[in-house]
Amino acid sequence: MCGIVGYVGKDEALPKLTKGLKTLEYRGYDSAGVAVLQNKEIYVVKDKGRIANLEELLKHEHIKGNIGIAHTRWATHGVPSKENAHPHMDDEKRFAVVHNGIIENYLELKDFLIDKGYTFKSQTDTEVIPLLLNYYYKKEKDVLKALGKTLQDLKGSYAILVISPLLGKTILAAKKNSPLVIGKNESGIFAASDIPALISYTNEFYFLEDGDVALLNDTITFYNDEFKPIKKKSKKIDWDMEATNKNGYEDYMLKEIMEQPEALKNTLNGIIGKKIEFLNFSLDKDYLDSITNIHIVACGTAMHAGLSGKYAIEKLCRIPVTVSVASEFRYQDPIINAKTLCIFISQSGETADTIAALKLARDKGAVTLAITNVFESSITREAKYTIYTHAGPEIAVASTKAYTSQVGILVALTLYIKEIRDGHSKESDKLKEELINLPKLMDVVLADKDIYKDYAKRMYKVRDLFYIGRGNDYNIAMEGSLKLKEISYIHSEAYPAGELKHGPIALIEDGTFVFGIATDAKVEEKTLSNLEEVKARGANIVLVADKEEAKDMDIIKIPKVNPILAPILAVIPLQFIAYYIAKEKGLDVDMPRNLAKSVTVE
Ligand code: G6P
């Protein structure tokens, strides 16, 4: 949610900034801008629209300079417009600022500054920062002191980069509750919202903690929240840059759908043997026998994976599991304590609500476990334990391979808990075998993509689409429906199959498409009856199931597996159909409107 990047060094800053911005574009693409220091003056170019648009504008400018900052925006305060685009500056052009986060008390600060004679050009919360810097600089005559005073005034979350003619060749960086990494190579020093933005320049990174400030020039100087100099050790990150390319695919989403078997294989690699073992994570029998419940917290697709985790844990371990949307969890006064194991799932590891929920659970004494796909992401520094999914970088906004890997790791975790508490059983050995075999079955489902394309051709003009199922199939229905909404902008609803007749069935008309998901023999007949009910009202049914045929219904057949594992297979046709519908409609599947991949504001 908003991406920031900065560079100071020997080379021209602009190409480095725009390249960095492009890898951050998944965080937001409402507007983009850069500020470069040239001959002791700040030059800003910014506009509404995507980075390609900014690049066009930059072709007509002749900005040169070895120090600059840049921003790609997901609008929170103020519409996407040139005025609201970052960087923001004070009138005297002393400070240019890019910001990711939300300044929650900006209205109060704005009133204070207006009272002091300042005027605002934008509707953003960010603009208070350069103006406060200006205000405090005039009082203190010292940039660092002005920064300290400004940061003290800010409530909320921020990762900021600041350049100023007063500082010369120096970038100021500060962070609280929003991610910021710093990297360095022989050409210079970089700062950005995430590692992928910088990985083509360096694999050596420093991670700022909340409250930290850094001065970037020929070297990096770190300060803590009391402005005392501190030392930090860099970490080497070995990432495969190839993994961030499209590799010949038309879109990242298609590539990531196709990568799912490999992603799951990599995620489970080394975990499942005779025993289940995780790297740097273990729980003992005494602890697992002592817990009264498990609470899973996440947002969006990760939350849907969590629902399937609940299904698996409750079925196999008989431990009560609650799943909460992270933004609700914090405000529902959750009943958790030292006897609750709290699991937080986040592909990016940066989702603000999920991280805030984790901190709350930790404060209440619960053991916290993060499941994330991004190495060294913020969540890993907050949780007691971390388990990584190894799905590789997921770039498309709509999550696909992260979801199937999350469900896979949750099943592995379930088996781990079960075996520690109850010892080995034939049932758990069989499930382990099935889990390991899943990537091959995923290949089988992926091979039918032309069939899914045909369905999309039949459906892409509809206004509404429905997805129904029972038990874990309902969880799959929710994920299928979310994929469709996210990228095709078609309204869709997921409903527990038996609940449809309590209201939503009124929406079914002649020709309405309804997906039925039926992968669990125990409830299959019931779901089929519910599908008959909608068929009787004119609906076209598409059944995703592990059977060959059903009367008067189209069937997408998937291989038969334990219902605990079914989401990993059954979601694939639904991902594809959403993808092909969006393609039929000529939409940008990787960067759908209004969305961002990493939601770093609450
Ligand atoms: C955003 C993304 C979703 C994602 C959700 C949670 O809404 O668009 O694809 O599922 O955030 O993200 P996380 O990184 O925490 O899994």
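Each chain has its residues counted from 1, running along the sequence as written. Given that this is a predicted model, residues contribute local features only at a pLDDT of at least 70 and side-chain atom pairs are listed and counted only at 80 or more, while totals for whole chains, interfaces and linings are drawn from all residues. The side-chain numbers reported here are obtained from all heavy atoms of the structure, hydrogens and water having been left aside.

## With respect to the overall build of the protein
Then, in step 1: Where helices and strands are cited, they refer to DSSP runs of H or I of at least four residues and of E of at least two residues respectively, numbered from the N terminus. Tallying secondary structure elements over the protein gives 18 helices and 25 strands in all.
Then, in step 2: Overall, the protein is about 80 × 55 × 45 Å in size when its C-alpha atoms are taken along their principal axes.
Then, in step 3: For the protein, buried positions account for 61% of its 602 residues.
Then, in step 4: Only heavy atoms matter for contacts: two residues are in contact if any of them lie within 4.5 Å across the pair. If you take every contact in the protein between residues at least 6 apart in sequence, the share linking residues at least 24 apart comes to 71%.
Then, in step 5: Reported accessibility uses the Shrake-Rupley method at a 1.4 Å probe radius. Residues are deemed covered only where the shown protein chains occlude them. In the form shown here, the protein has an accessible surface area of approximately 23800 Å², with 49% of it arising from carbon and sulfur atoms. Three exposure classes are used, based on accessible area relative to the maximum for each residue type with a 1.4 Å probe and protein chains only: buried under 20%, partly exposed in between, and exposed over 50%.

## Describing the packing of helix α1 (residues 13–24) against helix α2 (residues 51–59)
Then, in step 1: Contact pair α1 / α2: the axes reach a minimum separation of 10 Å and the direction vectors enclose 165°. As the angle between them shows, α1 and α2 are arranged roughly antiparallel. Along this stretch, α1 crosses α2, giving a crossing that reads as left-handed. Each of Leu14, Thr18, Leu21 and Lys22 in α1 lies in contact with α2, whose residues at this interface are Ile51, Leu54, Glu55 and Leu58.
Then, in step 2: All amino acids are sorted into three groups, where Ala, Val, Leu, Ile, Met, Phe, Trp, Tyr, Cys and Pro are nonpolar, Asp, Glu, Lys and Arg are charged, and the leftover types, Gly among them, are polar. In terms of residue class, the contact of α1 with α2 is built from 5 nonpolar, 1 polar and 2 charged. To obtain an axis, a line is fitted to C-alpha atoms, over the contacting stretch when the element is a helix, and the angle between two such axes runs from 0 to 180 degrees between their N-to-C directions. Each angle is binned into one of four classes, with values under 35 degrees roughly parallel, values over 145 roughly antiparallel, values of 65 to 115 roughly perpendicular, and all other values oblique. Note on convention: the crossing is left-handed when the near helix lies turned anticlockwise from the far helix by less than a right angle, right-handed when the turn is clockwise.

## Remarks on helix α15 (residues 449–459)
Then, in step 1: Considered for burial, the residues of α15 that qualify are Tyr452, Tyr455, Ala456 and Met459. One side of α15 carries all its buried residues, which in axial view fall inside an arc of 100°.
Then, in step 2: Elements in contact with the buried residues of α15: α14 (426–446), β21 (464–469), β23 (513–518), β24 (540–545), β25 (554–557) and α18 (566–584). In this context, the arc is that of the directions from the helix axis out to the C-beta atoms.

## A look at unusual backbone geometry
Then, in step 1: A cis amide bond, omega 0°, links histidine 86 with the succeeding residue proline 87.
Then, in step 2: Not every positive phi belongs to a glycine, and lysine 93 is a case in point at roughly 55°.
Then, in step 3: Position of lysine 93 relative to the elements: it lies in the loop between β5 (88–89) and β6 (96–100).
Then, in step 4: By relative accessible area, which is 43% here, lysine 93 ends up partly exposed.
Then, in step 5: Backbone geometry places arginine 318, a non-glycine residue, at a positive phi of 55°.

## Some words on the site of the ligand
Then, in step 1: Any residue with a heavy atom lying within 4 Å of a molecule or strand is counted as near it. Taken together, the neighbourhood of the ligand is formed by 14 residues, with Thr301, Ser346, Gln347, Ser348 and Thr351 sitting nearest.
Then, in step 2: Distance and chemistry together define a polar contact, namely a pair of N or O atoms within 3.5 Å, with one atom able to donate a hydrogen and the other to accept it when in protein, and with adjacent residues in sequence counting only for side-chain atoms on both sides. In this structure, an oxygen atom belonging to the ligand sits 3.0 Å away from a main-chain N or O atom of threonine 301.
Then, in step 3: One of the backbone nitrogen or oxygen atoms of glutamine 347 is found 2.7 Å away from an oxygen atom of the ligand.
Then, in step 4: When isolated, the ligand has an accessible area of 390 Å², and the protein chains bury 90% of it.
Then, in step 5: Looking at which element gives the most residues to the shell around the ligand, the answer is helix α9 (residues 300–317), with 3 residues.
Then, in step 6: Class assignment of the residues belonging to the shell around the ligand gives a composition of 5 nonpolar, 7 polar and 2 charged.

## Quick word on the domain arrangement of the protein
Then, in step 1: What counts as a domain boundary in this text is fixed by an automatic or database domain assignment. According to the domain assignment, the protein consists of domain 1 (3–239), domain 2 (246–444) and domain 3 (449–584).
Then, in step 2: Taken over C-alpha atoms, the centre of domain 2 sits 25 Å from the centre of domain 3.
Then, in step 3: In this complex, domain 2 contributes 32 residues to the contact, which on the side of domain 3 involves 28 residues.
Then, in step 4: In total, about 2600 Å² of surface goes out of reach between domain 2 and domain 3, with carbon and sulfur atoms giving 71% of it.
Then, in step 5: As used here, buried area is the combined drop in accessible area, with a 1.4 Å probe, of two parts when they are placed together. Contact with domain 3 buries surface across domain 2, with His304, Tyr311 and Tyr403 losing the most and accounting together for 21% of the total.

## Quick notes on the sheet that holds strand β22 (residues 491–496)
Then, in step 1: Strand order in the open sheet formed by 5 strands is β22-β21-β23-β24-β25, with parallel pairing between adjacent strands. Because the sheet does not close on itself, it has two edges, and the strands there are β22 and β25. The average undirected angle you get between the axes of adjacent strands in this sheet is 20°.
Then, in step 2: Where α15 meets the sheet, it contacts β21, β23, β24 and β25, and its direction lies at approximately 145° from that of β25.
Then, in step 3: Against the sheet, helix α17 (residues 521–535) touches β21, β23 and β24, its axis set at about 170° to β23. Only when DSSP finds a minimum of two bridges between them are two strands counted as paired.

## Overview of the environment of alanine 570
Then, in step 1: Within the secondary structure, alanine 570 sits in helix α18.
Then, in step 2: Of the residues examined, alanine 570 reaches a relative accessible area of 0% and is grouped as buried.
Then, in step 3: For the pair alanine 570 and valine 445, spaced 125 residues apart in the sequence, the C-alpha separation amounts to 8.4 Å.
Then, in step 4: Setting aside its immediate chain neighbours within four residues, alanine 570 contacts Ile476, Ile517, Thr519, Val544 and Ile558.

## Here's the deal with the sheet that holds strand β4 (residues 67–73)
Then, in step 1: Judged by pairing direction, the sheet is antiparallel, and its 8 strands sit side by side in the order β3-β2-β4-β1-β10-β9-β11-β15 without closing on themselves. Two strands in the sheet have a free side with no partner beyond their single neighbour: β3 (41–48) and β15 (235–236).
Then, in step 2: Of the pairings in the sheet, the one linking strand β1 (residues 3–9) to strand β10 (residues 188–192) comprises 5 bridges and is antiparallel in character. When the sheet's bridge partners are listed, tyrosine 7 is paired in β10 with phenylalanine 190.

## Concerning the packing of aromatic side chains
Then, in step 1: Any two rings among Phe, Tyr and Trp, with Trp reduced to its six-membered ring, count as a pair given centres within 6.5 Å; such a pair is stacked if its planes are under 30 degrees apart, edge-to-face if over 60, and tilted if neither. Summed over all chains, the structure comprises 17 aromatic pairs.
Then, in step 2: Ring plane angle 45° and centroid distance 5.8 Å describe the contact between phenylalanine 281 and tyrosine 416, whose orientation is recorded as tilted. In this pair, phenylalanine 281 is assigned in the loop between α7 (260–268) and α8 (285–290) and tyrosine 416 in helix α13 (residues 401–422), connecting sequence segments 135 residues apart. Here phenylalanine 281 matches tyrosine 416 in class, with each residue buried.
Then, in step 3: With 5.9 Å between their ring centres and 10° between their planes, phenylalanine 576 and tyrosine 580 make a pair best called stacked. Residue phenylalanine 576 and its partner tyrosine 580 are located together in helix α18, separated by 4 residues, close to a single helical turn.
Then, in step 4: Linked through ring pairs, Phe112, Tyr118, Tyr135 and Tyr136 together constitute an aromatic cluster.

## With respect to the pattern of salt bridges
Then, in step 1: Whenever a carboxyl oxygen of Asp or Glu lies within 4 Å of a side-chain nitrogen of Lys or Arg, that contact is scored as a salt bridge. Enumeration according to the criterion identifies 38 salt bridges in this entry.
Then, in step 2: With its nearest N and O atoms 3.5 Å apart, the salt bridge here joins glutamate 226 to lysine 228.
Then, in step 3: What makes glutamate 226 exposed here is its relative accessible area of 57%.
Then, in step 4: The class for lysine 228 is partly exposed, based on a relative accessible area of 47%.
Then, in step 5: In this structure, aspartate 554 engages arginine 458 in a salt bridge whose closest nitrogen and oxygen atoms are separated by 3.0 Å. In this pair, aspartate 554 is assigned in strand β25 and arginine 458 in helix α15, connecting sequence segments 96 residues apart.
Then, in step 6: One continuous salt-bridge network, built from bridges that share partners, spans Glu209, Lys235, Glu376 and Arg381.

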